[in-house]
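Analysis of the macromolecular model
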Amino acid sequence: MPAIKFYKHEPIPMEMHKVKIVQQLNLLPADERLKKMYDAGFNTFQLHNGDIFMDMLTDSGVNAMSDLMQSATLRADDAYAGSETFYRMQAKLEEIFGMKYCLPAHQGRACENILATRFVEEGKCVIMNYHFTTTKAHITRLGGHVEELVKDEGLVSKSTLPFKGNIDLEKLEACIQKETPENVAFIRVEAGTNLIGGQPISYENMKAVTDIAKKYGILTVMDASLLQDNLYFIKIREESMKEKSIREITRMIADLFDIVYFSARKFGFARGGAILLRDEELYHSMEDLIPMFEGFLTYGGMSVKEMEAMIVGFDESMEMDVISQGPQFIDYCVKQLDAYGVPMITPGGGLGAHLDAMDICSHIPQEEYPAGALVCALYLCGGIRGMERGTLSEERNPDGSERLSSMELVRLAFPRRVFTLSQTEYVIDRVKWVYDHRELIGGIHFVHEPKTLRFFTGLLEPTSDWPEKLVAAYKAEFGEDQ
Ligand code: F0G
């Protein structure tokens, strides 16, 4: 673990790698960013990467590969059927998770499509700690509904709780009884919980949840997309797990569940996904869906080069020195901003630093998307691209009214092994400036609103000329060229 001690300096997070290849960054002047923001319909998904200085939209598919991952791509075995690369990948996953069967898919949501198609039908319920956007979309598409049973404390922005992603066990029993066990398609545990700030779930809670599921004969599914951060938190925050290795913890977790799936755009530092199973019958019950939606069973829509890289990436995800990086940088960023008085989700979780837009932009009604407006302000004031995780990322109720999100977050993702500490300092500095000028930020509204997953492709406009006023104040502070 990079707990490097300093002689004169306070401890700071250390990069446990060195840079071998770089990508030049481009900082557009503020006036140009203003134009780009209008062109992008005030939606950071619509910005072009070349117009962005710090791309903190996501950690999905943008983590830096290691030299060993890159070199492994050369051994990729291209074959429509029976690729040796697939068998190597399957063997590595079995070594780590102890699950024999592997259904490959092109990314995490493809796994969700397969699982929902197999298990969800009209009226069925899927219980989880908290939903993820694509997970929920696949469940509701098929007429199912989602019950989110994260403990109430998980939704409190400022906290010292180590595992805010934990499921409330009393609510779980009550929900199973209300729905009846037969009507619960499966219980899904997301480790860690993306939409509430990358907050982890403890091993103890996973064990208790899966014990209850077993009692009622309900299938259990682990979404391991963000597992590497969660493993780090279990090791350092859960007393009974301190002496266990990351591999041991991973295996103990996998042993609890019937199914594990993941996005390899996150877990494994490459691009792809897979569903892992222990039970042969379950495997056969889904195998036909892979060639139908993804590709043949030995590549599932993935490039074999990526598969070779991820095999090495899976091993790297079992290294404490590697998986400590993300959470430690996030923790640093959260603590500095918290000390500056900026409302943050605390404690820092995995994935990224999360700003509490409900508090920062309390003057903007939720129907005018405070987190959506704040994320635009951060691009205007520093070229930082984050992601809205609030009402804008929800879908409307059937009657057309807004489904107001319980949290309004701006996520600044920390893709692994990508940014340095000085870049992190820049982000902290600009966020603080935006916070100090938050009264200048106004709302945004849709001018083009897709029905499903509207945050990806929707186009919006500011409700007034607040972006011009904000940029004018920014230029007065930092000059024309920043
Ligand atoms: N589950 C979780 C917990 C995720 O965070 C994601 C993706 C998925 C499933 C879907 O995986 O993108 O490979 O299809 N999260 C990305 C993000 C998109 O930016 O947080 P995917």
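In this text the structure is predicted, and so the values were computed from the model without any measurement.

Parameters and conventions
- Residues numbered from 1 in each chain as written.
- Predicted model: local features only at pLDDT ≥ 70, side-chain atom pairs only at ≥ 80, totals over all residues.
- Buried ≥ 20, exposed ≤ 12 C-beta atoms within 10 Å, placed from the backbone.
- Helix = DSSP H or I, 4+ residues; strand = E, 2+ residues; numbered from the N terminus.
- Pairing = 2+ DSSP bridges.
- Axes fitted to C-alpha atoms, helices over the stretch in contact; angles between N-to-C directions.
- Parallel < 35°, antiparallel > 145°, perpendicular 65-115°, else oblique.
- Left-handed = near helix turned anticlockwise from the far one by under 90°.
- Contact = placed C-beta atoms within 7 Å.
- Nonpolar A, V, L, I, M, F, W, Y, C, P; charged D, E, K, R; others polar.
- Near = placed C-beta within 6 Å.
- Domains from an automatic or database assignment.

Here the focus is the pairing of strand S12 (residues 409-413). Residues in a regular strand point their side chains to alternate faces of the sheet. Taking burial as the measure, the five residues of S12 include five buried ones, the bulk of the element. Because side chains alternate across S12, one face comprises the buried residues Leu-409, Arg-411 and Ala-413, and the other comprises Val-410 and Leu-412, equally buried. Relative to S12, strand S9 (residues 352-356) runs antiparallel, the two being bridged by five bridges. Note on S12: the bridge partner recorded for Gly-352 is Ala-413. The pairing of strand S11 (residues 387-389) with S12 spans three bridges and is classified as antiparallel. The partner of Arg-389 across the bridge, within S12, is Leu-409.

The next point concerns unusual backbone geometry. Here the residue pair Ala-191 and Gly-192 is connected by a cis peptide bond, since its omega of -10° sits within 30 degrees of zero. Structurally, Gly-192 is set in the loop between strand S5 (184-190) and helix H7 (203-216). Note the cis peptide between Thr-346 and Pro-347, where omega equals -5°. With respect to the helices and strands, the residue Pro-347 is situated in the loop between helix H14 (325-339) and S9. The residue Arg-417 is not glycine, and still its phi comes out positive at about 65°. Owing to 18 C-beta atoms within 10 Å, Arg-417 belongs among the partly exposed residues under this scheme.

Now for the packing of helix H3 (residues 84-97) against helix H12 (residues 304-316). The interhelical angle for the contact between H3 and H12, taken along N-to-C directions, is 25°, at an axis separation of 9 Å. One element, H3, and the other, H12, form an angle in the roughly parallel class. Where H3 crosses over H12, the handedness of that crossing is left-handed. Side by side, H3 and H12 meet where Thr-85, Phe-86, Arg-88, Met-89, Lys-92, Leu-93 and Ile-96 of the first sit next to Val-304, Met-307, Glu-308, Met-310, Ile-311 and Phe-314 of the second. Considered class by class, the residues forming the contact of H3 with H12 number nine nonpolar, one polar and three charged.

The next point concerns the site of the ligand. What surrounds the ligand is a group of 15 residues, the closest being Thr-58, Gln-107, Gly-108, Arg-109 and Ser-263. For the shell around the ligand, the class distribution of residues is two nonpolar, nine polar and four charged.

Taking strand neighbours across the sheet as the criterion, the three strands line up as S9-S12-S11 in an open arrangement whose pairing is antiparallel. Bordering the open sheet on either side are S9 and S11, each of which pairs with just one other strand. The sheet shows a mean angle of 30° between the axes of neighbouring strands, taken without regard to direction.

This part is about the sheet that holds strand S6 (residues 220-223). The seven strands lie next to each other as S2-S8-S7-S6-S5-S3-S4, forming an open sheet whose pairing is mixed. Looking along the sheet, the strands with just one partner apiece sit at the ends: strand S2 (101-105) and strand S4 (145-148). The average undirected angle you get between the axes of adjacent strands in this sheet is 20°. As judged from the four bridges shared by S5 and S6, these two strands associate in the parallel manner. Within S6, the position partnered with Glu-190 by the bridge is Asp-223.

Moving on to the domain arrangement of the protein chain. Entries for the protein chain in the domain assignment read domain 1 (30-59 + 322-478) and domain 2 (67-319). Taking only C-alpha atoms into account, the centre of domain 1 sits 27 Å from that of domain 2. Domain 1 puts 25 residues into the contact, and the matching count from domain 2 is 28 residues. Secondary structure elements with two or more residues in the side of domain 1 that touches domain 2: helix H13 (320-323), H14 and S9. Considering every element that reaches the side of domain 1 that touches domain 2, the biggest residue donor is S9, with three residues. Per-class residue counts for the side of domain 1 that touches domain 2 are 10 nonpolar, 10 polar and five charged.

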